[in-house]
Amino acid sequence: MARAFVFVLDSFGIGGAADAGKYGDAGADTLGHIAEACAAGKGDRDGLRQGPLLLPNMVALGLGEAARIATGFDFGRGITLAPSSFHGAAQEISAGKDTPSGHWEIAGLPARFDWGYFPDTVPAFPAALTEAMIREGRVPGILANRHAPGTTVIEDFGEEHIQTGKPICYTSVDSVLQIAAHEEHFGLQRLYDFCKVVRRLCDPLHVGRVIARPFLGESRDTFKRTPNRKDFSVPPPEPTLLDRVIDHGGKVIAIGKIGDIFAHRGISEVRKGAGNMAMFDAALGALDDAKDGDFVFANFVDFDTEFGHRRDVPGYAAALEAFDRRVPEALAKLKTGDLFLLTADHGNDPTWHGTDHTRERIPIAGLAPGLKGGAVGLRPTFSDIGATVAEHLGIAPGGNGTSFLKALRGHA
C-alpha cells in the first residue's frame, strides 16, 4: 500500500524565514507568537479557551521539533515523539508569500516569476481595468476599489452594494482581486460569472487570483460571509505533482480550496465543507476512499481567513487546538506504507502588524507507518515535500525539490 496525504494548515508558519526582512516580516512567527501570547494570558477568551497553547498530537508528530529547527523556539517539550513520526522545516523560494505560491511550490513548482500587484492607493485598480470590468461584466459600477480586510469592506459597503447592485471589489498586498457580493440580492451564479470575466481581464496583469466572496445579511450588523467562496486562479504554467499522479494512474482527491488553487488541473475529485471541522470530516472520508497510488491534498483555510487576517490570537489558538484533537482520527485510518504529512503554505502571524500574510518557514510533521521516521532537517524548498510524495508513490520526480524518503527509511 502506497498512499499519500498532505494536510495544509493554511497560514500556520513557524517563523525563521531567511528572507523575511525583504517582505517586512523579520521576526514574524505564527506558531511561536501564538504560543507566547497564550502563555502570557493573551490567548484567553471566555467561553472559548484558556491557558497555554496545547497541541500534544501534532507535537507527537514532530511539530515542536520543527519549530526548534526553524527558529530555535522551544515548543512542546516533554511530549514523546510517536514511532515512525518525522519532522523538519522548509524554506520558501517562490517570489511571494501567498496561497498559490506556497501550494504550487509544495507540489513541485516554485513560482519564480513576479506576480502582478495593485498599489495601496484609492483607487487601487487601473482605470482601464475598472472600465472593462464594468463594461464586460455588465454591472453599474464597482465599490471600494482599494486595499481592505474582507470583513471590514463588507461592513463598509454592503448596504450600498444592495441598494446599487455594484459589486464590492478590493485587494491586498497579495496578488489578488477579491469581489464580494450578496448571494441573494446580486446572485451567487452572477457573482461567479462576473469573476470569470474579471479573471480574464486580470490575466495580462499576472494577477494570481480573483476570489468570489459571497455574503448574506441585510445590514452591516448582520452581514456574514458564506462558505461559497470560489477562487479563480491562474493555471500552473507547468505540470505539477498533481498532474504526475494522474498520469501515473492515481487519483488526486482535493479537499477544500485545493482545486481552485490549481485551477482544477490535475484534480480527480473535489470535496468541501463549511469550516475546518467539516473539512476535516471530508478529509477523513477521503482517507477511507483513497486507494493504492492516490494522493489526498487538503487545505484548512479557517486558520488564515478567520483568524490570521483578523489578528485573532485566541481564535487561532482555539482552532489549532480543535484541529489537534482530531488528528488521532486521521492517524487511526493510516496503514503500513502510507505517508501522512502536516504542513503550511505561508505564515499569517496574528500578533503582527497589518492584516496580511507573513513570510515564514513551514513545518514538516508527519507519520510514515512501517518506516523509521526521524529528523529531515531544514529543507531548502517546499518542493522537497512534493518530491518526497512523488518518490513514495513511485512516480516520476519533477524538476524541483529533493526527496527525503531515504531518511524516513533510515538510510543516509
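Colleague: Can you walk me through the overall build of the protein in this structure?
Modeller: From N to C terminus, the protein includes 14 helices and 14 strands. Against the globule reference of 22 Å for 412 residues, the protein gives a C-alpha radius of gyration of 21 Å, in line with a compact fold. With the C-alpha coordinates of the protein rotated into their principal frame, the extents come out at 65 × 50 × 40 Å. Here the protein, with 412 residues, has 60% of them falling under the buried criterion. For the protein, the proportion of contacts with a sequence separation of at least 24, taken over those separated by at least 6, is 69%. Per element, the accessible surface of the protein, about 15200 Å² overall, is 52% carbon and sulfur. With 43 positive and 52 negative side-chain charges, the protein shows a separation of 3 Å between the mean positions of the two kinds.

Colleague: Could you clarify how one ought to interpret the pattern of salt bridges in this entry?
Modeller: Working definition: two side chains of opposite charge can pair if their charged atoms are close together. Within this structure, the stated rule accounts for 29 salt bridges. With a shortest N-O distance of 2.7 Å, Asp25 and Lys97 are connected by a salt bridge. Pair noted here: Asp25 is in the loop between strand S1 (4-9) and helix H1 (30-39) and Lys97 is in the loop between strand S2 (85-90) and helix H4 (99-106), with a separation of 72 residues, a long-range link. Within this structure, Glu65, Arg68, Asp74 and Arg77 form a network of salt bridges that share partners.

Colleague: Is there a simple way to think about the environment of Asp345 in this case?
Modeller: Among the secondary structure elements, Asp345 is positioned in the loop between strand S12 (339-343) and strand S13 (362-367). When its relative accessible area of 0% is taken as the criterion, Asp345 is described as buried. Put simply, Asp345 and Ala365 are 20 residues apart on the chain and 14 Å apart in space, counted from C-alpha to C-alpha. In contact with Asp345, other than residues within four places in its own chain, are Val8, Leu9, Asp10, Ser11, Glu92, Asp98, Thr99, Gly102, His103, Ile362 and Phe382. A distance of 2.9 Å separates a polar side-chain atom of Asp345 from the backbone nitrogen of Ser11. Separated by 3.2 Å, the side chains of Asp345 and His346 make a polar contact.

Colleague: I tried to follow the packing of aromatic side chains on my own but got confused; where do I start?
Modeller: Geometrically, a pair of aromatic rings is defined through the distance of the ring centres and the angle of the planes. Tallied over the entire structure, the rule returns 16 aromatic pairs. Each ring, one from Phe280 and one from Phe323, has its centre 5.2 Å from the other, and the planes form 75°; the classification is edge-to-face. Here Phe280 is found in helix H10 (residues 276-289), whereas its partner Phe323 is found in helix H12 (residues 313-331), with 43 residues between them in sequence. The same class applies to Phe280 and to Phe323, which are both buried. Their ring planes at 70° and their centres at 5.9 Å tell us that Phe303 and Phe323 sit as a pair that is edge-to-face. With Phe303 in helix H11 (residues 302-308) and Phe323 in helix H12, this pair connects stretches of sequence that are 20 residues apart. Relative accessible area serves as the criterion here: at 0%, Phe303 is assigned to the buried category. Through successive ring pairs, a cluster of aromatic residues spans Phe7, Phe280, Phe300, Phe303, Tyr316, Phe323 and Phe340.

Colleague: Help me understand the pairing of strand S9 (residues 252-255), please; the structure alone is not making it clear to me.
Modeller: Remark: a regular strand shows side chains that alternate across the two faces of the sheet. Neither face of S9 is left uncovered, since the one carrying Val252 and Ala254 and the one carrying Ile253 and Ile255 both have all their residues buried. As defined by bridge partners, S9 adjoins strand S11 (residues 295-300) across four bridges and the pair is classed as parallel. Bridging from a neighbouring strand, Ala254 pairs with Phe297 of S11. Note: S9 against strand S10 (residues 269-271), three bridges, orientation parallel. Opposite Ala254, over in S10, you have Val270 as the bridge partner.

Colleague: I keep staring at the layout of surface pockets and nothing clicks. Help me out?
Modeller: Rolled over the atoms, a probe as big as a water molecule pinpoints where empty space is left. Estimates place the volume of the largest pocket at around 750 Å³. Of the residues assigned to the lining of the largest pocket, the class counts are eight nonpolar, seven polar and 13 charged. Lining the second largest pocket are 23 residues, with Gly150, Gln178, Arg213, His309 and Thr355 positioned closest to its centre. Those elements giving two or more residues to the lining of the second largest pocket turn out to be helix H6 (150-164), strand S5 (176-182), strand S6 (209-216) and H11. Counting residues per element, the lining of the second largest pocket draws most heavily on S6, which supplies three residues. For the lining of the second largest pocket, the residue count by class is five nonpolar, nine polar and nine charged.

Colleague: Any chance you could explain the nonpolar core here in plain terms?
Modeller: Generally speaking, nonpolar side chains in soluble globular proteins are found buried as a group. Core analysis: the biggest nonpolar cluster contains 85 residues, and Phe7, Phe295 and Phe323 have the highest contact counts within it. Core analysis: the next-biggest nonpolar cluster, separate from the first, contains 25 residues, Leu177, Ala181, Val197 and Cys202 among them.

Colleague: Is there a simple way to think about the packing of H10 against H12 in this case?
Modeller: Between H10 and H12, the shortest axis-to-axis distance is 11 Å and the interhelical angle comes to 15°. As judged from the angle between their axes, H10 and H12 are roughly parallel. At the point where H10 passes H12, the crossing takes the right-handed sense. Residues Met277, Phe280, Asp281, Leu284 and Leu287 of H10 lie in contact with H12, whose contacting residues are Ala322, Phe323, Arg326, Val327, Glu329 and Ala330. A class-by-class count of the residues in the contact of H10 with H12 yields eight nonpolar, no polar and three charged.

Cut-offs used in this document
- Residues numbered from 1 in each chain as written.
- Predicted model: local features only at pLDDT ≥ 70, side-chain atom pairs only at ≥ 80, totals over all residues.
- Heavy atoms only, no water.
- Helix = DSSP H or I, 4+ residues; strand = E, 2+ residues; numbered from the N terminus.
- Rg over C-alpha atoms; globule rule 2.2 N^0.38 Å.
- Buried < 20%, exposed > 50% of the residue type's maximum accessible area, 1.4 Å probe, protein only.
- Contact = heavy atoms within 4.5 Å.
- Areas by Shrake-Rupley, 256 points an atom, 1.4 Å probe, with all protein chains shown as cover.
- Lys, Arg positive; Asp, Glu negative; His and termini not counted.
- Charge placed at Lys NZ, Arg CZ, Asp CG, Glu CD.
- Salt bridge = Lys/Arg side-chain N within 4 Å of Asp/Glu carboxyl O.
- Polar contact = N/O pair within 3.5 Å; in protein donor to acceptor, adjacent residues only side chain to side chain.
- Phe/Tyr/Trp six-rings, centres within 6.5 Å; stacked < 30°, edge-to-face > 60°.
- Pairing = 2+ DSSP bridges.
- 1 Å grid on protein atoms, 1.4 Å probe; cavity = no way out; pocket = protein on both sides within 12 Å on 5 of 7 lines; lining within 4 Å.
- Points joined across faces, edges and corners; volume = space filled by probe spheres on them.
- Nonpolar A, V, L, I, M, F, W, Y, C, P; charged D, E, K, R; others polar.
- Core = buried A, V, L, I, M, F, W, Y, C linked by side-chain atoms within 4.5 Å.
- Axes fitted to C-alpha atoms, helices over the stretch in contact; angles between N-to-C directions.
- Parallel < 35°, antiparallel > 145°, perpendicular 65-115°, else oblique.
- Left-handed = near helix turned anticlockwise from the far one by under 90°.

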